[in-house]
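Architecture at a glance
Here is what each chain is made of, one letter per residue.
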Amino acid sequence: MKATATALASLFAGAAAFAPAPKFQTTTALSESVSDLEALAKSANPIVKFYDPLQLSKRDFWEQGNEATIGFLRHAEIKHGRVAMAAFVGYCVQSNFHWPAPMCLDGTPFPSIDLGPESQWDAIPASAKWQIILYIGFLEIWDEIGGDDLPHYTKGRKPGKYPSFKKFSEYVHPVSDLYDPAGYNRNMSEETKERRLVAEINNGRLAQLGIFGFLCADTIPGSVPSLKDIAIPYSGETMAPFEKGMMFDFSNLHASL
């Protein structure tokens, strides 16, 4: 699975908080109307163009207005695409490599690459799983509060813009931003930013298909013919990732952290 998965990764990749709250403007910065979505869709895929069979873009979620609904949907798609890209790359990497150092203080190693990524998740201790879950939860909360510096993505923030950790670094603990921590893209033109955003949307959509292709190939033999020779069968529940090993063994907690 190792070399082929890496080749597939290359193929898919080439396809394409404690200071006084500031006053925010409440106009949606990007794609605030259906016509904006239609223009964006044409840029992202001139063949399919705008596709919204459920008419979600015309709805009013939580009675906050259509602009807030579009902001929510846009932000959600970008976020799901980023998660899928991380999942796809992670799947390929951990199918071929794991850290040589012990995973736990008691010397327990990382799960073998002979296991598929799904089985590797099942094999790590509960303390490791909870650290991952709590970290993701923190990132979600920080996004929702805008890092105490940005408006909510339904109230004017540019969809996909993740808040800086500047306030967290100032009042809690120094930490680098997720995007461009060294500030290399600080002076990037708006035209370049928009072009890269379209590319990110397309890559995110492709990655969602890619990671689910891997999951289907591992759990339903033969369902993805192009992956049948590299898939590692998995009999667990991929849609129930917390089914196994989520309870702490407090007697051995010190060795697991």
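Placed above this text is the structure.
Positions within a chain are numbered from 1, following the residues in the order the chain's sequence is written. Local features are withheld for residues below a pLDDT of 70 in this predicted model, meaning they are given only at 70 or higher, and side-chain atom pairs are given and counted only at 80 or more; totals for whole chains, interfaces and linings count all residues. Excluded from the side-chain calculation are hydrogens and water; included are all heavy atoms of the structure.

**Considering the overall build of the protein**
By the criteria applied, helices consist of DSSP H or I runs no shorter than four residues and strands consist of E runs no shorter than two, each listed in order from the N terminus. Broken down by element type, the protein carries 8 helices and 0 strands. Scanning the protein from its N terminus toward the C terminus, one meets helices and strands in the order α-α-α-α-α-α-α-α. Summed over all atoms, the accessible surface of the protein reaches about 16,100 Å², with 62% contributed by carbon and sulfur. Here the open area of atoms and residues is found with the Shrake-Rupley method and a 1.4 Å probe, where only the protein chains shown may cover a residue.

**Focus on unusual backbone geometry**
Among all residues save glycine, negative phi is the norm, and among peptide bonds the norm is trans. Even without being glycine, Glu 63 reaches a positive phi, approximately 55°. Topologically, Glu 63 is positioned in the loop between helix H2 (34–44) and helix H3 (66–94). Each residue's exposure class comes from its accessible area (1.4 Å probe, protein chains only) as a fraction of the maximum for that residue type: buried when under 20%, exposed when over 50%, partly exposed otherwise. Owing to a relative accessible area of 76%, Glu 63 belongs among the exposed residues under this scheme.

**A short note on the packing of aromatic side chains**
The geometry of an aromatic ring pair comes down to the distance between the two centres and the angle between the two planes. Between 30 and 60 degrees the pair is tilted, below 30 it is stacked and above 60 it is edge-to-face, where a pair is any two Phe, Tyr or Trp rings, Trp via its six-membered ring, whose centres lie within 6.5 Å. Scanning all chains against the criterion turns up 12 aromatic pairs. Between Phe 88 and Phe 214 the ring centres are 5.2 Å apart and the planes differ by 25°, which places this aromatic pair in the stacked class. Of the two residues, Phe 88 is situated in helix H3 and Phe 214 in helix H7 (residues 190–219); the sequence distance between them amounts to 126 residues. With a centroid separation of 5.6 Å and 75° between ring planes, the pair formed by Phe 97 and Trp 99 is classed as edge-to-face.

**Digging into the packing of H2 against H7**
Packed helices, taken two at a time, are described by their axes: the angle between them and the distance between them. Fitting a line to C-alpha atoms yields each axis, with helices limited to the stretch in contact; the angle taken between N-to-C directions then spans 0 to 180 degrees. It is at 9 Å that the axes of H2 and H7 come closest, and there the two elements cross at 70°. Here H2 lies roughly perpendicular to H7, going by the angle between them. In this structure, H2 contributes Leu 40, Ser 43 and Ala 44 to the contact, and H7 contributes Val 198, Ile 201, Asn 202 and Arg 205. Here the nonpolar group is Ala, Val, Leu, Ile, Met, Phe, Trp, Tyr, Cys and Pro; Asp, Glu, Lys and Arg are the charged ones; every other residue, Gly included, is treated as polar. Its residues assigned to classes, the contact of H2 with H7 shows 4 nonpolar, 2 polar and 1 charged. An angle below 35 degrees is read as roughly parallel, one above 145 as roughly antiparallel, one from 65 to 115 as roughly perpendicular, and any other as oblique. Should any heavy atoms of two residues lie within 4.5 Å, those residues are counted as being in contact.

**Thoughts on the side chain of His 75**
Secondary-structure assignment places His 75 in helix H3. Distance and chemistry together define a polar contact, namely a pair of N or O atoms within 3.5 Å, with one atom able to donate a hydrogen and the other to accept it when in protein, and with adjacent residues in sequence counting only for side-chain atoms on both sides. Side chain to side chain, His 75 and Asp 143 meet in a polar contact 2.9 Å long. Non-local contacts of His 75, meaning those with residues more than four positions away in its chain, are made with Asp 143, Tyr 153, Arg 157, Pro 159, Gly 160 and Lys 161.

**Considering the nonpolar core**
Looking at soluble globular proteins, one finds that nonpolar side chains tend to be buried together. With 11 residues, the main nonpolar core is built from Ala 84, Phe 88, Tyr 91, Cys 92, Ala 207, Ile 211, Phe 214, Ala 217, Val 224, Leu 227 and Ile 230. Listing elements by their share of this core, those giving two or more residues are H3 and H7. Here the nonpolar core consists of buried residues drawn from Ala, Val, Leu, Ile, Met, Phe, Trp, Tyr and Cys, with membership extended through side-chain atoms lying within 4.5 Å.

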